[in-house]
Amino acid sequence: MSGRTVGFIGLGIMGVPMATNLVEDGFDVVVWARAAAPVEELVALGARAADDVRGVFDAAETVILMLRDEAAVDAMLARGTEDFAALVEDHTVVQMGTFTTSFSQALAEEVEAAGGRYVEAPVSGSRGPAIERKLVGMLAGSPEAVAHVEPVVEVLCVQTFRCGEIPSALTMKLAVNTFLITMVTGLAETFHFAAQAGADVDVLRDVLAAGPMASVVSRGKAQKLTDGDLSAQAAVADVLKNAVLAEDAARAAGSAHPLITASRELYEEAAAAGLGALDMIGVIAAFDERSGVRRASAHGLEEPGR
């Protein structure tokens, strides 16, 4: 039991289970969100609700941000206003979202100039691993700041890695995401091809699960396809955002990036078809659309419009 007070802002698809795990581990967790439901859920489990963002920072020296995008971070921290410095001074801001490295670098400099500490702590994993405390954490910042937040982040993760100075953790996360996104896109193509060629996709699922290429991700996504259950663990819209980030980072680094570009295009097509809220394996709809396939029930997807 820790007893340490931690603020948590960003109670979305992953934020709620992450904050829940902190509560269950004995942390004094202070939360705030624009929506009442996730706050009420966490308060019922033992968290405390703040009236606003300022209330979170007043209650906790260490504040975790698990927000959707850079604009949300800027809004929560009142960045660009005189309130920003007053908010972050003498606090440790733990930024766990996946954003551009330039954004994180600039934010780190501003937090430190205001007398605060800043740690990058993106995680690899989706809602399932978040619930099960099986995320993989990547940490960057000063050694002192990283050591200060490690006992908190380790509660959420099966393993954590120190990556160096900012923005090395986000660089690592974008590299990891490149593998994840291209792998799941390849899995979707595999099932699309098998179905088109007349292979039994249930047998395909079992063959892949038994072979040397199997992973927790491949087994889980294949099962979702054959079950027709595309409730989001990591949504198409969020994966599209991450694909754009990875592609842009590769371009900036001068790295060849044909696979992430092809994947990004397919996720764009799935999102444009109104499937952004589905699990990322729902990208199979883009393959169906390109092939002119009409099978509304084959993967639990809406019939592609042509």
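Keep in mind the model is a prediction, meaning the values are calculated, not measured.

Chemist: Please explain the nonpolar core as it appears in this structure.
Modeler: In summary, soluble globular proteins display a tendency toward joint burial of nonpolar side chains. Formed by 34 residues in total, the largest nonpolar core has its most connected members in Phe8, Leu11, Met18, Leu22, Val29, Ile64 and Met96. Elements that contribute at least two residues to this core include exactly strand 1 (5-9), helix 1 (15-24), strand 2 (28-32), helix 2 (36-45), strand 8 (135-140) and helix 8 (143-156). For this core, the leading source of residues is helix 8, giving seven residues. Once residues within four sequence positions are removed from consideration, Val29 is found in contact with Val6, Phe8, Ala19, Leu22, Val23, Ala47 and Arg48. Val73, Met76, Met138 and Ala140 belong to the second-largest nonpolar core, a separate cluster that totals 30 residues.

Chemist: Looking at this structure, how should I read helix 6 (residues 101-113)?
Modeler: The terminal C-alpha atoms of helix 6 lie 18 Å apart, and with 13 residues this matches the ideal 18 Å at 1.5 Å per residue to within 8%. Phi turns positive one or two residues past the end of helix 6, at Gly115, with a value near 90°.

Chemist: Looking at this model, I keep getting lost on the pattern of salt bridges. Mind explaining?
Modeler: It is possible for side chains bearing opposite charge to pair when their charged atoms get close. Within this structure, the stated rule accounts for 18 salt bridges. For the salt bridge of Asp28 with Arg48, the shortest nitrogen-to-oxygen distance reads 2.7 Å. Residue Asp28 is found in strand 2, and its partner Arg48 is found in strand 3 (residues 48-49); the two are separated by 20 residues along the sequence. Among the salt bridges present, the one from Arg79 reaches Asp74, with a minimum N-O distance of 3.0 Å. The network of salt bridges with shared partners includes Glu247, Asp248, Arg251, Arg264 and Glu268.

Chemist: I'm lost on the packing of helix 9 (residues 168-197) against helix 14 (residues 284-291) in this one. Help?
Modeler: What describes two packed helices is the angle between their axes and the distance between those same axes. Packing of helix 9 against helix 14 brings their axes to within 8 Å, and their N-to-C directions diverge by 45°. Classed by the angle they form, the pair helix 9 and helix 14 counts as oblique. Judged by the sense of rotation from one axis to the other, the crossing of helix 9 with helix 14 is right-handed. In contact with Thr185, Ala188, Glu189, Phe191, His192 and Gln196 of helix 9, helix 14 contributes Ile284, Phe287, Asp288 and Ser291.

Calculation notes
- Residues numbered from 1 in each chain as written.
- Predicted model: local features only at pLDDT ≥ 70, side-chain atom pairs only at ≥ 80, totals over all residues.
- Heavy atoms only, no water.
- Core = buried A, V, L, I, M, F, W, Y, C linked by side-chain atoms within 4.5 Å.
- Buried < 20%, exposed > 50% of the residue type's maximum accessible area, 1.4 Å probe, protein only.
- Helix = DSSP H or I, 4+ residues; strand = E, 2+ residues; numbered from the N terminus.
- Contact = heavy atoms within 4.5 Å.
- Expected span 1.5 Å × (residues − 1).
- Salt bridge = Lys/Arg side-chain N within 4 Å of Asp/Glu carboxyl O.
- Axes fitted to C-alpha atoms, helices over the stretch in contact; angles between N-to-C directions.
- Parallel < 35°, antiparallel > 145°, perpendicular 65-115°, else oblique.
- Left-handed = near helix turned anticlockwise from the far one by under 90°.

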